[in-house]
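Structural overview
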Amino acid sequence: MGHNPTVELRTQRLLLRAFRAGDHDAVHAFASDPEIVRWMDWGPNTPEETSIFLGLALLSETERPRRAYRFAVVRAADDALIGSAELHIESPENKRATMGYLIAGPAQGHGYATEAGQALISLAFDELGLHRVTATCDPSNAGSAAVLRKIGMTQEGHLHDHFLIRGSWRDRLLFAVLNTQARVS
């Protein structure tokens, strides 16, 4: 994958595709919802903030070498944009990335985050040859912690006062998975 083309990932029920300019309304519907973004270190978004996010997502498609893979999570059955997922290569030399995901309220509880997370790990290990992928979640976000465990991640730590979110310090649980098939080159 040397030239890092536009990437699409398919799972049993999802398509993870590049964001498009026309995705604004669907993205803004969940990015502006205080209940959906309560665990995030951003949001709830204004329409302008959602536009900025989409602009950055579109820009990351052209970055060379590519460091960020930002995906619209689309339910294949009805082509509905139900969330976002991201893999960010934070250290190419150490073959290390972080990942995250967000699923809109009505689509939560159906295993979509698990499918999207598995697709990100597969991209990281099978396509990009990375060695380590980390993710964090709020200690109170039991659903996300369960997803991270389901996709093979192990909790490695508890990060205290890791984010200042809407005026309050928030902890994060740190999860990671290693590519045990990776070869040092």
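Our subject is the structure that appears above.
Figured I'd write up the structure that's included with this text. (Residues numbered from 1 in each chain as written. Predicted model: local features only at pLDDT ≥ 70, side-chain atom pairs only at ≥ 80, totals over all residues. Heavy atoms only, no water.)

1. Regarding the pairing of strand β7 (residues 154-165)
- Direction of pairing for β7 relative to strand β8 (residues 168-178): antiparallel, over a ladder of eight bridges. Across the sheet, His158 pairs through a bridge with Leu173, a residue of β8.
- The antiparallel pairing of β7 with β8 creates a hairpin that spans two residues between the two strands, and Arg166 there sits at a positive phi of about 45°. (Pairing = 2+ DSSP bridges. Helix = DSSP H or I, 4+ residues; strand = E, 2+ residues; numbered from the N terminus.)

2. Some details on the side chain of Arg132
- Within the secondary structure, Arg132 sits in strand β6 (residues 132-137).
- For Arg132, the side chain forms a polar contact with the side chain of Glu156, separated by 2.7 Å.
- With near-sequence residues (within four places) excluded, Arg132 lies in contact with Lys95, Arg96, Ala97, Phe125, Glu156, Ala176, Val177 and Leu178. (Polar contact = N/O pair within 3.5 Å; in protein donor to acceptor, adjacent residues only side chain to side chain. Contact = heavy atoms within 4.5 Å.)

3. Notes on the environment of Ile82
- Here Ile82 is to be found in strand β4 (residues 80-91).
- With 56 residues separating them in the primary sequence, Ile82 and Asp138 have C-alpha atoms 21 Å apart.

4. Notes on helix α3 (residues 112-127)
- When the terminal C-alpha atoms of α3 are compared, their 21 Å separation across 16 residues agrees well with the 22 Å that a helix rising 1.5 Å per residue should span.
- Of all the 16 residues making up α3, twelve are buried; the element is thus mostly covered by neighbouring parts of the structure.
- Looking only at α3, the buried set comprises Tyr112, Ala113, Thr114, Glu115, Ala116, Gly117, Ala119, Leu120, Ile121, Leu123, Ala124 and Phe125.
- Backbone geometry just downstream of α3 places Gly129 in the positive-phi region, at approximately 65°. (Expected span 1.5 Å × (residues − 1). Buried < 20%, exposed > 50% of the residue type's maximum accessible area, 1.4 Å probe, protein only.)

5. Some remarks on a nonpolar patch on the surface
- On the surface, Ile52, Leu56 and Leu59 cluster together to form a nonpolar patch covering roughly 310 Å² of accessible area.
- Looking at the secondary structure, you find Leu59 in helix α2 (residues 47-60).
- For Leu59, a relative accessible area of 55% corresponds to the exposed category. (Patch = residues over 30% accessible without salt bridge, like charges linked within 9 Å, V, L, I, M, F, W, Y side chains within 5 Å. Areas by Shrake-Rupley, 256 points an atom, 1.4 Å probe, with all protein chains shown as cover. Salt bridge = Lys/Arg side-chain N within 4 Å of Asp/Glu carboxyl O.)

6. Section: the sheet that holds strand β5 (residues 96-103)
- Here eight strands make up an open sheet; going across it, the order is β1-β2-β3-β4-β5-β6-β8-β7 and the pairing mixed. The open sheet has two free edges, formed respectively by β1 (9-10) and β7, since each of these has just one partner strand.
- Both β1 and strand β2 (residues 14-18) contribute to a ladder of two bridges, which runs antiparallel. Looking at the pairing, Leu9 lines up with Leu16 of β2.

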